[in-house]
Amino acid sequence: MSRAAHSSFRLATADNAETLATLHTEVADHLTRQHGRGPWSTKTSEKGVLLAMRTSQVFVARQGAEIVATLRLATKKPWAIETSYFAKCQRPLYLLAMAVKPAKQRQGLGKRCFEEAKEIAKGLSADAIRLDAYDAPAGASNFYASCGCSEVGRVSYRNTPLIYFELLLS
């Protein structure tokens, strides 16, 4: 059984905010070392995580007591998404800020996080998952395509090239 199979998912609590800020910053630093500075290089603060918890559902994946991954699901459209690129639907969810600890990457956790997001979305009667990825080597476009998402557009938002993806749920 893969290590990803031993992960459990729960809603994050305010007590997790500092750990999640550290996790996001570790991922940003890792991407910066691999690909140079870019919009992915932004540090995350505990205050930013707490705000995310107020405006969306933040989930954590644990292996034992350790938080190894996270994702956010929001019903409100994020600022960088232009809905005209996406299929018409009644109840889309937006997948945001998915991150896996660098030391735990390439072990199936990202796929497990995406599968969990799909299950949560179905449980909330969502009809689509929408997201964006950086249109750059540091972006996760190949990953999202491998998860069954369809590319629906390419845009530049505030000089940041993005690729929009969606997964229609039936």
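Residues numbered from 1 in each chain as written. Predicted model: local features only at pLDDT ≥ 70, side-chain atom pairs only at ≥ 80, totals over all residues. Heavy atoms only, no water.

Participant: Where do I start with the environment of Phe 114 in this structure?
Facilitator: Structurally, Phe 114 is set in helix H3 (residues 109-123). Apart from residues lying up to four places away in sequence, Phe 114 is in contact with Leu 95, Met 98, Leu 131, Phe 143, Tyr 144, Cys 147, Cys 149 and Leu 167. (Helix = DSSP H or I, 4+ residues; strand = E, 2+ residues; numbered from the N terminus. Contact = heavy atoms within 4.5 Å.)

Participant: Explain the pattern of salt bridges here, please?
Facilitator: Pairing is possible between side chains that carry opposite charge, provided their charged atoms lie close to one another. Here the structure, examined in full by the defined rule, presents seven salt bridges. Residue Asp 29 pairs with Lys 43 through a salt bridge whose shortest N-O separation is 2.2 Å. With Asp 29 in helix H1 (residues 17-35) and Lys 43 in the loop between H1 and helix H2 (46-55), the pair connects residues that are 14 residues apart, well separated along the chain. A single network of salt bridges, built from pairs that share partners, joins Glu 26, Glu 66 and Lys 101. (Salt bridge = Lys/Arg side-chain N within 4 Å of Asp/Glu carboxyl O.)

Participant: For this particular structure, what's the right way to read the environment of Asp 132?
Facilitator: By the element assignment, Asp 132 lies in strand E5 (residues 128-134). Sequence separation of Asp 132 and Ala 99 is 33 residues, and the distance between their C-alpha atoms is 14 Å. Leave out the neighbours within four places in its chain, and Asp 132 touches Ala 80, Ile 81, Leu 162, Ile 163 and Tyr 164.

This is a description of form; function is not addressed.
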